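Observations on the model geometry
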Amino acid sequence: MDNSTQESHLRSDNNSVTYDSPHPLYAMAFSSNPNPQHHQRIAVGSFLEEYTNRIDILSFNPDTLSIKPQPSLSFDHPYPPTKLMFHPSTHSTLQKSSSDLLATSGDYLRLWEVRENSVEAISLFNNSKTSEFCAPLTSFDWNEIEPKRIGTSSIDTTCTIWDIERGVVETQLIAHDKEVYDIAWGESRVFASVSADGSVRIFDLRDKEHSTIIYESPQPDTPLLRLAWNKKDLRYMATILMDSNKVVILDIRSPTTPVAELERHRAGVNAIAWAPRSSKHICSAGDDTQALMWELPTVAGPNGIDPMSMYSSGYEINQLQWSAAQPDWIAIAFANKMQLLRV
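Residues numbered from 1 in each chain as written. Predicted model: local features only at pLDDT ≥ 70, side-chain atom pairs only at ≥ 80, totals over all residues. Heavy atoms only, no water.

Phi angles above zero are rare outside glycine, and Leu 65 is one such case at about 55°. The residue Leu 65 is located in the loop between strand 5 (52-61) and strand 6 (66-69) in this model. Judged by its relative accessible area of 8%, Leu 65 is buried. The backbone of Thr 157 sits at a positive phi, close to 80°, despite the residue not being glycine. By secondary structure assignment, the location of Thr 157 is in the loop between strand 13 (149-154) and strand 14 (158-163). (Helix = DSSP H or I, 4+ residues; strand = E, 2+ residues; numbered from the N terminus. Buried < 20%, exposed > 50% of the residue type's maximum accessible area, 1.4 Å probe, protein only.)

Written out as structure tokens, the structure is:
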């Protein structure tokens with residue numbers, strides 16, 4: 001395709017750059033491993049309602065504001081990937097210095113090595129007791145403190161913690177009463193999850209028999225879709241409710257009552273991401289075509305919180321990622337486009 005060799009240059013100003021994909025896009029990930037040219041790898045996954053989907057590896061050059069597809073690094077993926085994540089640190093015993101490790105979820109958790117000119121499937125993690133059926137994975141999170149750990153969430157109500165270096169299950173928990181939609185690590189042994197049962201629960205691997213419910217949907221059984229833990233201040237996390245225009249900010253020290261509700265979206269919120277290097281900033285995006293940047297005050301005023309900036313894509317935004325390696329850039333996905341926004 002023409003798209004495989006062309007570069008997507010700046011469309012309007014020097015604050016955004018757009019990549020046009022041949023496919024509808026959903027999952028995205030930034031690499032944390034800087035390459036010698038200071039370009040950043042970005043993985044994007046197709047969202048096709050068929051078995052064979054596609055993952056493309058792109059190269060973003062912030063100096064020239066260009067996104068260049070790397071055709072030799074495109075590969076097929078079974079079903080649409082529900083999430084993509086590169087290894088969270090710049091060094092791993094599983095990867096060479098010139099390569100990246102990429103994890104994907106869909107029917108199973110998979111690990112890929114992205115080399116300079118090729119991609120190799122390294123591992124497929126299957127904990128299914130029956131070979132003919134597997135419960136699809138809705139999401140996963142890679143533990144930054146203990147990168148050998150990846151936690152997955154599934155529609156079968158479980159969360160599974162994998163030791164990816166040994167290729168074994170560390171533990172599997174029935175985490176909720178209904179489907180688990182997202183999972184996020186806080187500490188090396190502490191994670192949280194959200195579910196169709198409307199609850200946010202925190203688990204500690206040192207005490208697997210118990211969990212702490214820190215929030216429940218105001219309307220019973222309203223699903224919680226996404227969870228983001230503030231890596232710069234672990235007291236705070238954010239979640240979103242199905243078909244709701246609100247971003248709910250939680251303080252784990254005061255369960256059940258949100259410390260703030262961000263209510264300036266005009267339609268359902270689909271994605272949230274905390275700033276990688278600031279504890280007070282969070283971005284949200286949704287069906288109102290808006291990506292909103294928020295600065296959380298110490299105390300919220302009586303009239304709520306207004307976003308500090310906003311961006312309109314013109315299309316419903318499905319996904320949002322904030323680059324840890326290039327924290328001035330946020331990626332949003334809508335229709336068949338990925339757009340990078342300078343913040």
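Time to look at the layout of surface pockets. Of the voids in this model, the largest pocket is the one considered here, and its volume is about 980 Å³. Together, 39 residues line the largest pocket, and Met 85, Glu 144, Lys 231, Gln 321 and Trp 322 are the ones closest to its centre. Broken down by secondary-structure element, the contributors of at least two residues to the lining of the largest pocket are strand 3 (25-30), strand 8 (83-86), strand 12 (137-142), strand 16 (180-185), strand 20 (224-229), strand 24 (269-274) and strand 28 (319-322). Of the residues belonging to the lining of the largest pocket, the class tally is 24 nonpolar, 8 polar and 7 charged. Reported here for the second largest pocket is a volume of approximately 510 Å³. As for the second largest pocket, its lining consists of 19 residues, of which Tyr 26, Phe 47, Thr 82, Thr 138 and Arg 226 are closest to the centre. At the level of elements, strand 3, strand 12 and strand 20 are the ones that each hand at least two residues to the lining of the second largest pocket. Across the lining of the second largest pocket, the residue classes tally to 12 nonpolar, 5 polar and 2 charged. (1 Å grid on protein atoms, 1.4 Å probe; cavity = no way out; pocket = protein on both sides within 12 Å on 5 of 7 lines; lining within 4 Å. Points joined across faces, edges and corners; volume = space filled by probe spheres on them. Nonpolar A, V, L, I, M, F, W, Y, C, P; charged D, E, K, R; others polar.)

Before going further, it helps to spend a moment on the sheet that holds strand 29 (residues 329-334). Judged by pairing direction, the sheet is antiparallel, and its 4 strands sit side by side in the order 2-30-29-28 without closing on themselves. Each of the sheet's edge strands pairs with one partner strand only, and the pair in question is strand 2 (16-20) and strand 28. Strand-to-strand twist across the sheet, computed as the mean angle between neighbouring axes with direction ignored, equals 15°. By the bridge criterion, 4 bridges tie strand 28 to strand 29 in an arrangement that is antiparallel. Bridge pairing links Gln 319 to Ala 333 in strand 29. (Pairing = 2+ DSSP bridges. Axes fitted to C-alpha atoms, helices over the stretch in contact; angles between N-to-C directions.)

Looking at the element boundaries, Tyr 51 is found in the loop between strand 4 (40-46) and strand 5. For the pair formed by Tyr 51 and His 77, sequence separation is 26 residues and the distance between their alpha carbons is 8.1 Å.

On to the side chain of His 176, then. Relative to the helices and strands, His 176 resides in the loop between strand 15 (168-174) and strand 16. If we ignore the near neighbours within four places in the chain, the residues touching His 176 are Thr 157, Ser 193, Val 194, Ser 195, Asp 197, Ser 199 and Arg 201. (Contact = heavy atoms within 4.5 Å.)

Position of Gly 268 among the secondary structure elements: in the loop between strand 23 (260-262) and strand 24. Residue class for Gly 268 comes out buried when judged on its relative accessible area of 13%. In sequence terms Gly 268 and Ala 285 are 17 residues apart; their C-alpha atoms lie 8.7 Å from each other. Once residues within four sequence positions are removed from consideration, Gly 268 is found in contact with Asp 243, Ser 244, Asn 245, Gly 286 and Asp 287.

Looking at the protein chain as a whole, the pLDDT averages 91, with 91% of positions reaching at least 70. Under a pLDDT of 50 for its full length, residues 1-12 has, in the predicted model, 30 contacts with residues more than four places off or in other chains. (pLDDT = per-residue confidence, 0-100.)

A word on the packing of aromatic side chains. Tallied over the full model, the rule gives 8 aromatic pairs. An angle of 15° between the planes, with centres 5.1 Å apart, marks the rings of Phe 191 and Phe 203 as stacked. Pair noted here: Phe 191 is in strand 17 (residues 190-195) and Phe 203 is in strand 18 (residues 199-204), with a separation of 12 residues, a long-range link. A relative accessible area of 0% means that Phe 191 is categorised as buried. Clustering of aromatic rings is evident, with ring pairs tying together Trp 185, Phe 191 and Phe 203. Against the face of Phe 140 rests Lys 83, its NZ or CZ located 5.7 Å from the ring centre. (Phe/Tyr/Trp six-rings, centres within 6.5 Å; stacked < 30°, edge-to-face > 60°. Lys NZ or Arg CZ within 6 Å of the ring centre and 35° of its normal.)

Next up on the list: the pairing of strand 29. Counting buried positions along strand 29 gives 6 out of 6 residues, so the element sits mostly inside the fold. Here strand 29 shows two buried faces, one formed by Trp 329, Ala 331 and Ala 333 and the other by Ile 330, Ile 332 and Phe 334. Hairpin remark: strand 28 followed by strand 29, antiparallel, with 6 residues in the connecting loop. The pairing of strand 29 with strand 30 (residues 337-342) spans 6 bridges and is antiparallel. Considered in strand 30, the bridge of Ile 330 is made with Leu 341. The antiparallel pairing of strand 29 with strand 30 creates a hairpin that spans 2 residues between the two strands, and Ala 335 there sits at a positive phi of about 50°.

For the rest of this paragraph, the subject is the environment of Ser 244. Its location among the elements puts Ser 244 in the loop between strand 21 (236-241) and strand 22 (247-251). Note: C-alpha distance between Ser 244 and Asn 270 (26 residues apart in sequence) is 9.0 Å. For Ser 244, the residues in contact, after removing those within four places along its chain, are Ala 267, Gly 268 and Val 269.

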